[in-house]
Amino acid sequence: MSAPLLSVENLTVEYAIGGRSLFAVSDVSLHVDRGETLGLVGESGCGKSTLGRAVLQLRPPTGGKVVFDGTELTTLDAPSMRQMRKRLQLIFQDPIASLNPRRRIGDIIAEPLIITGVADKAERDRRVREVMTAVGLDPDVAMGRLPHEFSGGQCQRICIARALILEPELVICDEPVSALDVSIRAQILNLLEEMKRRYGLTLLFIAHDLAVVKAVSDRIAVMYLGKLCEVGPTEAVFARPAHPYTALLLEAIPVPDPTVRPSANVPIGEPPSPLNPPSGCRFRTRCPRADAQCAAEVPLRRPVGGGQSVACHHPLAGG
Ligand code: ADP
Ligand code: MG
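Treat the numbers as computed from the prediction; the structure is a model and nothing was measured.

A word on the environment of Ala179. By the secondary structure assignment, Ala179 is in the loop between strand 7 (170-174) and helix 7 (182-199). Overall, the relative accessible area of 44% leaves Ala179 in the partly exposed class. The spacing of Ala179 and Phe92 is 87 residues in sequence and 9.7 Å in space, taken between C-alpha atoms. Setting aside residues up to four positions removed in sequence, Ala179 forms contacts with Gln93 and Asp94.

On inspection of all chains with the given rule, the structure shows 3 aromatic pairs. Plain terms: the ring middles of Tyr245 and Phe283 are 5.0 Å apart, the flat faces sit at 55° to each other, and that makes the pair tilted. Placement of Tyr245 in helix 10 (residues 244-251) and of Phe283 in the loop between helix 10 and helix 11 (292-296) is noted, with a sequence separation of 38 residues between them. Accessibility classification places Tyr245 together with Phe283 in one group, the buried group. Of the aromatic side chains, those joined through ring pairs into one cluster are Tyr224, Tyr245 and Phe283.

Attention now goes to the sheet that holds strand 5 (residues 71-72). Pairing in this open sheet of 4 strands is antiparallel, and the strands run 2-1-4-5 from one edge to the other. Edge strands, defined here as strands with exactly one partner in the open sheet, are strand 2 (20-32) and strand 5. In this sheet, strand 2 lies alongside strand 1 (residues 6-17) in antiparallel orientation, the contact comprising 9 bridges. Each bridged residue has a counterpart across the sheet, and for Leu6 the counterpart in strand 2 is Val32. Relative to the sheet, helix 1 (residues 48-55) contacts strand 1, strand 2 and strand 4 (63-68), its axis offset from that of strand 1 by approximately 115°.

To continue, consider the site of ligand 1. Among the 13 residues in the neighbourhood of ligand 1, the closest are listed as Gly45, Gly47, Lys48, Ser49 and Thr50. Tyr15 is positioned with one of its side-chain polar atoms (N or O) 3.4 Å from a nitrogen atom of ligand 1. Here Gly45 contributes a backbone N or O atom positioned 2.6 Å from an oxygen atom of ligand 1. For ligand 1, the accessible surface in isolation is 560 Å², of which the surrounding protein chains cover 64%. Within the residue set of the shell around ligand 1, elements represented by two or more residues are strand 1, strand 2 and helix 1. A per-class count over the shell around ligand 1 returns 6 nonpolar, 5 polar and 2 charged.

What counts and what doesn't
- Residues numbered from 1 in each chain as written.
- Chains lettered and ligands numbered in written order.
- Predicted model: local features only at pLDDT ≥ 70, side-chain atom pairs only at ≥ 80, totals over all residues.
- Heavy atoms only, no water.
- Helix = DSSP H or I, 4+ residues; strand = E, 2+ residues; numbered from the N terminus.
- Buried < 20%, exposed > 50% of the residue type's maximum accessible area, 1.4 Å probe, protein only.
- Contact = heavy atoms within 4.5 Å.
- Phe/Tyr/Trp six-rings, centres within 6.5 Å; stacked < 30°, edge-to-face > 60°.
- Pairing = 2+ DSSP bridges.
- Axes fitted to C-alpha atoms, helices over the stretch in contact; angles between N-to-C directions.
- Near = heavy atom within 4 Å.
- Polar contact = N/O pair within 3.5 Å; in protein donor to acceptor, adjacent residues only side chain to side chain.
- Areas by Shrake-Rupley, 256 points an atom, 1.4 Å probe, with all protein chains shown as cover.
- Nonpolar A, V, L, I, M, F, W, Y, C, P; charged D, E, K, R; others polar.

Encoded structure:
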């Protein structure tokens, strides 16, 4: 088996808040194989965006490693990281806010080419037109327009075009459809699938919504309060969730339709503050299976068969 394109080892990211440390990401390890889509799911505030940004070194990790195609990114100097950035791109949740309102669409999409030194204007135009067409935008109509002339879904197409123009290998999609109307979510998810095939992409797909993640992911990683609870192939995790948190997230999906937003996917109250996480297992204060061992010992993630692994003292399946 070839080495994974991305491997994250014991990654920790801290924010300093009023002299205290908030561990937004705590000792997270995961990998993404070439051509694979790994779905990263968990409630709002569990650290998904922080993890995505730390992979790209936009938020330097406090500890751990990020290995991309054999290169450790956390120790790269700034010029080497700039070179590396071409190969790793990010798509954000709010497409309208991530586009400069005063710049024309053609210039926005061409910007990464200018930054990376593609000096030939005709070459830039050719590549802008090609990628715009690929994402379903008519270059003749759209190139000269400003972002406000487009809908949220079209703005996300523009953001996808901008992310793809340098032909990256890994794209981190941070809740790419969460801000969009339910009616156009499926279109953007289908577009991402199509772009994945066309450009041979590897995706880290972040969402708070398990139904959306299911629709696109080969494997799923479930995150809770800065830690991974469970990782495994999508079908296995859906058929036999091993972590009680995964099971609760699954129960909270109202209908098995990825285009419908679950109404309330928050199990048993609010999550505790990451400034003061519970001892032992962080999920124990909301877990129906918690006992004294869960308060005393941090559960380490271990394999339970079928490619599934779980960080739980009392797993539901395979334990
Ligand atoms: P998610 O993307 O899963 O919603 P985030 O990664 O945005 O989660 O946030 C994880 C935790 O880190 C949250 O408790 C959030 O309040 C905190 N956090 C995020 N960004 C910052 C920041 N720039 N400074 C301080 N705390 C932050
Ligand atoms: Mg986020």
